[in-house]
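Here is how the chains run, residue by residue.
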Amino acid sequence: MKTIYFAASSLDGFISDKNNSLEWLFQFGEPKGNYIENFVNTVGALAMGSTTYEWMCNSLPGFGDGKWPYRVPAFVFTNRELPVYSGADIRFVKGDVRPVHQMMAAEAKDKHIWIVGGGELAGKFYDAHLLDEFIIQFVSVTLGGGAPLFPRKLKKPLKLESVQRLDQEFAELRYSV
Ligand SMILES: NC(=O)c1ccc[n+]([C@@H]2O[C@H](COP(=O)([O-])OP(=O)(O)OC[C@H]3O[C@@H](n4cnc5c(N)ncnc54)[C@H](OP(=O)(O)O)[C@@H]3O)[C@@H](O)[C@H]2O)c1
């Protein structure tokens, strides 16, 4: 079981643009070959910050059948009271990521833990030595600003494990910590 930060980034290192939009990403559709679904099937629990959660809640009804896309528990970090997306297994948490990681590991069992984002939250898992891997899909665009991929100076360089071309617009880079 690994804890993985899996996210799509612009070439200049942003995971959303200045308006919290992902249009720059979705204009290309999903990488072929059930790329996202294949990863999601390896995951037993996931974590995200409230901006990402609220973006999903506000955006999902416009997509597909409007249902929450994940069957595994989603741990949402927030200091506020937020509504639970109908039918979703949402656990609101706050503060130190370490006890939350323990709860996630208990839920995930032998499956992976997915840190969805944002970048600062992924950084908190990294700071606590809980992040094992980065899987980043670099998209062939630049944004000039927005939510950063990983607003941290690494303690030491990551180890590049693989580079894979996904269609024309995505390059997947896998790194171990
Ligand atoms: N391209 C991709 O693959 C990808 C992946 C993920 C997200 N995104 C997008 O990127 C953007 C990320 O937004 P973001 O950088 O603002 O990050 P975020 O992590 O989604 O949300 C940050 C907020 O979460 C809450 N939070 C974070 N850590 C916390 C903690 N330890 N305890 C309590 N609350 C905590 C805080 O808000 P409150 O306390 O006020 O609730 C904080 O302001 C979103 O637009 C999202 O849609 C893109």
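For the structure itself, consult the block above.
Just so we're clear, the structure is a prediction, and the values are computed from it rather than from any experiment.

Enquirer: Before we move on, could you go through the overall build of the protein chain and cite the residues and values that matter?
Expert: A count of helical and extended segments in the protein chain gives 5 helices and 10 strands. Computed over the C-alpha atoms, the radius of gyration of the protein chain is 15 Å, within 12% of the 16 Å expected from 2.2 N^0.38 for a compact globule of 177 residues. Along the first, second and third principal axes, the C-alpha set of the protein chain runs to 40 × 40 × 30 Å. Every one of the 177 residues in the protein chain was classed for burial, and the buried ones make up 45%.

Enquirer: Requested: an account of the site of the ligand, with residues and values cited.
Expert: The environment of the ligand is formed by 21 residues, the closest being A8, N20, S50, T52 and T78. G49 places a main-chain nitrogen or oxygen 3.5 Å from an oxygen atom of the ligand. Here T52 contributes a side-chain N or O atom positioned 2.6 Å from an oxygen atom of the ligand. Elements with a minimum of two residues in the shell around the ligand: β1 (3-10), β2 (14-16), α3 (50-59) and β6 (112-117). Per-element accounting of the shell around the ligand gives the leading share, 4 residues, to α3.

Enquirer: Mind laying out the pairing of β1, listing which residues take part and the relevant values?
Expert: When you tally the buried positions in β1, you get 8 out of 8 residues, the bulk of the element. Bridge analysis of β1 against β6 gives 3 bridges, and the strand direction is parallel. If you follow T3 over to β6, its bridge partner there is I113. In the sheet, β1 pairs with strand β7 (residues 133-139) via 7 bridges, with the strands oriented parallel. Among the inter-strand pairings, S10 is bridged to a residue of β7, identified as V139.

Enquirer: Could you give me a rundown of the packing of helix α4 (residues 97-108) against helix α5 (residues 119-127), with the residues and numbers involved?
Expert: Across the interface, α4 lies against α5 with an axial gap of 10 Å and an inter-helix angle of 90°. As judged from the angle between their axes, α4 and α5 are roughly perpendicular. Contacts between α4 and α5 involve V97, H101 and M104 from the first element and L121, K124 and F125 from the second. For the contact of α4 with α5, the residue count by class is 4 nonpolar, 1 polar and 1 charged.

What counts and how
Residues numbered from 1 in each chain as written. Predicted model: local features only at pLDDT ≥ 70, side-chain atom pairs only at ≥ 80, totals over all residues. Heavy atoms only, no water. Helix = DSSP H or I, 4+ residues; strand = E, 2+ residues; numbered from the N terminus. Rg over C-alpha atoms; globule rule 2.2 N^0.38 Å. Buried < 20%, exposed > 50% of the residue type's maximum accessible area, 1.4 Å probe, protein only. Near = heavy atom within 4 Å. Polar contact = N/O pair within 3.5 Å; in protein donor to acceptor, adjacent residues only side chain to side chain. Pairing = 2+ DSSP bridges. Axes fitted to C-alpha atoms, helices over the stretch in contact; angles between N-to-C directions. Parallel < 35°, antiparallel > 145°, perpendicular 65-115°, else oblique. Contact = heavy atoms within 4.5 Å. Nonpolar A, V, L, I, M, F, W, Y, C, P; charged D, E, K, R; others polar.

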